[in-house]
Amino acid sequence: MNLEIAAQKIKLSFEKNDSASHSFLNSVAASYGNPGEKSHDFEIVIAYDSNLHDGIKKIPEGIVHIHSNPANTSALLSSNKFFSRISWSEKTMKVSVDNHFHDPDMLVLENIKLLIGFLCIQKGGLPCHASVLYKDNTAIAFIGGSGSGKSTIAALLSDTWKVIDDDFNIFLPSNGIFRVHTTPFYLLSRTGAKRDCALPIPLERIFVLKKGVITKMSRIESPRNYWDIMENTFAFSYNDYFGEKILENCQRLCETVPVSNLFFAKTVDLSLKINDFLQKGDML
Amino acid sequence: MNYEIVDDLSIRIVGDELFILKRSMSMIHSFNATGTMIWKMLQEKKQIEEIARAISERFDISKNEAEKDVSEFLYSLIKNQLVTLHE
């Protein structure tokens, strides 16, 4: 994905085949873009306190309308910071904010994150606050509150596992399997970072991080796993439709992907123990 | 005294527990099996006395104890803006 920022206009381009950095945007492009088109350029116009903003203030926070009519594919998003009107057919994203908001980079990323989150939920998935690692064709996710050790564990396992994203991850079902889709955010926030995985990777297990004196793992049964995942789902504002969808998608994720507690100590054999656990299941 | 369940809720039953998402506050609440049983009776608009009687029979506790439990539960629902009360 490329970003060109000039004054209050931003050009966002992403190629359909550039899947290494953002497979989920690829799938969005396939769903909403014009058939046969190889790239999707969006012009993002930021309007400060414009008529658009005034007209839109009446729309409740958290509302999103996504029209799938090919002639008029568009989405409306709103949060407490901005309102956006995205049109796939016109390839524009018009963002309206109040006069106090002057950080275009952040605004664009926040908008895209919000859009991706909504689209993910609409497609049956969940945008999760997690650290996700991968090896071969297996991904494992680590969730937990702030300071629970998501970044620490990613560093501890870096000898054998690679990071997909340590913050914003998309879990999306297809053919009965939840897969981790890559998004641009991790790479955008780290200069020079690279990722060599191209395709969505099956999510094998979710670990809920807990600090411990010894490393220990145990399966979390329903409905506790549901609670843990809901707590770590990105809390966008909800309307009727998305509230129902988030609860439904979370249940499907819990039924498909095992969730385990991971009490971890900073020991050298952590990676071995996790590998062993993944192979032997819940017997440790 | 009448109560009313507010309308900005999304609800899902997972196993024996009930999860409620209060959309306007982005808050999630979960109830255990007893709370779920009470909630279902609130949805059916049953009177508090009737709910207490059912809880007393189901869990073999005194009617007074059941009424106290139901009132406390109802109070927590009101506090969390899941239910409103009308005189």
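Up top you'll find the structure we're talking about.
The written sequence of each chain sets the order in which its residues are numbered from 1. Starting at A for chains and at 1 for ligands, labels are handed out in the order in which the entities are written. Per-residue local features of the predicted model are confined to residues with pLDDT of at least 70, and side-chain atom pairs are confined, for both listing and counting, to 80 or more; whole-chain, interface and lining totals are unaffected and use all residues. To obtain the side-chain values, all non-hydrogen atoms of the structure were included, while hydrogens and water were left out.

1. A short note on the nonpolar core
Selection criterion: Among buried residues, those of type Ala, Val, Leu, Ile, Met, Phe, Trp, Tyr and Cys that are joined through side-chain atoms within 4.5 Å constitute a nonpolar core. Categorising residues by exposure relies on relative accessible area from a 1.4 Å probe, with only protein chains included: less than 20% of the type maximum marks a residue as buried, more than 50% marks it as exposed, and the intermediate range marks it as partly exposed. Where helices and strands are cited, they refer to DSSP runs of H or I of at least four residues and of E of at least two residues respectively, numbered from the N terminus. Throughout, a residue-residue contact means that at least one pair of heavy atoms, one from each residue, lies within 4.5 Å.
Core analysis: the largest hydrophobic core is formed by 36 residues, its most contacted members being Val132, Phe171, Leu203, Ile206, Tyr226, Ile229 and Leu253 of chain A. With 6 residues, helix H7 (residues 240–256) of chain A is the largest single contributor of residues to this core. Ignoring anything within four residues of it in the chain, the contact list for Phe171 of chain A reads Cys120, Gly125, Leu126, Cys128, Ala130, Val132, Ala141, Phe178, Arg179, Val180, Leu203 and Leu253 of chain A. In terms of nonpolar packing, the next biggest core, distinct from the first, is built from 21 residues, Ile20, Ile38, Ile48 and Ala66 of chain B among them.

2. Considering the interface of chain A and chain B
Note the cut-off: Computed with a 1.4 Å rolling probe, the buried area is the accessible surface lost when two parts are put together, summed over both parts. In what follows, salt bridge is the name for a side-chain nitrogen of Lys or Arg lying within 4 Å of a carboxyl oxygen of Asp or Glu. Polar contact criterion, stated in full: a pair of N or O atoms within 3.5 Å, where within protein one must be able to donate a hydrogen and the other to accept it, and residues adjacent in sequence count only if both atoms are side-chain atoms.
Between chain A and chain B, the residue contacts involve 15 residues of the former and 14 residues of the latter. Summing the contributions of chain A and of chain B, the shared interface buries around 1,400 Å²; its carbon and sulfur component is 66%. Put simply, chain A and chain B have 0 salt bridges between them. Taken together, the connections running from chain A to chain B amount to 2 residue pairs in polar contact (both at pLDDT 80 or more). At the level of elements, helix H6 (224–231) and H7 of chain A are the ones that each hand at least two residues to the side of chain A that touches chain B. Here the side of chain A that touches chain B takes 6 residues from H7 of chain A, the largest share from any one element.

3. Observations regarding the packing of aromatic side chains
Short version of the rule: When the centres of two rings from Phe, Tyr and Trp lie within 6.5 Å, Trp using its six-membered ring, the rings pair. Their planes under 30 degrees apart give stacked, over 60 give edge-to-face, and anything left gives tilted. Criterion for a charge above a ring: Arg CZ or Lys NZ at most 6 Å from the ring centre, at most 35 degrees from the ring normal.
A full pass over the atoms with the stated rule returns 7 aromatic pairs over all chains. On the numbers, 5.8 Å between centres and 45° between planes, the contact of Phe207 of chain A with Phe277 of chain A is tilted. Of this pair, Phe207 of chain A sits in strand S14 (residues 201–211) while Phe277 of chain A sits in helix H8 (residues 270–280), and the two are 70 residues apart along the sequence. The interplanar angle of 40° and the centroid separation of 5.8 Å between the aromatic rings of Trp227 of chain A and Phe19 of chain B together place this pair among those described as tilted. Linking Trp227 of chain A in helix H6 with Phe19 of chain B in strand S3 (residues 17–22), this pair reaches from one chain into another. What links up through ring pairs into an aromatic cluster is the set Phe142, Phe207 and Phe277 of chain A. Lys216 of chain A extends its terminal NZ or CZ atom over the ring of Phe263 of chain A, reaching a point 5.4 Å from the ring centre. The ring of Phe59 of chain B carries the charged tip of Arg58 of chain B above its face, separated from the ring centre by 4.8 Å.

4. Overview of unusual backbone geometry
The omega angle of the peptide bond from Ser222 of chain A to Pro223 of chain A is 5°, so this bond is cis rather than trans. Along the chain, Pro223 of chain A turns up in the loop between strand S15 (216–219) and H6. Even without being a glycine, Asp136 of chain A presents a positive backbone phi close to 50°. On the basis of relative accessibility, which here comes to 71%, the residue Asp136 of chain A falls in the exposed class. Here the phi dihedral of Lys45 of chain B falls at roughly 65°; this positive angle occurs in a residue that is not glycine. As for its placement among the helices and strands, Lys45 of chain B is situated in the loop between helix H1 (33–43) and helix H2 (48–59).

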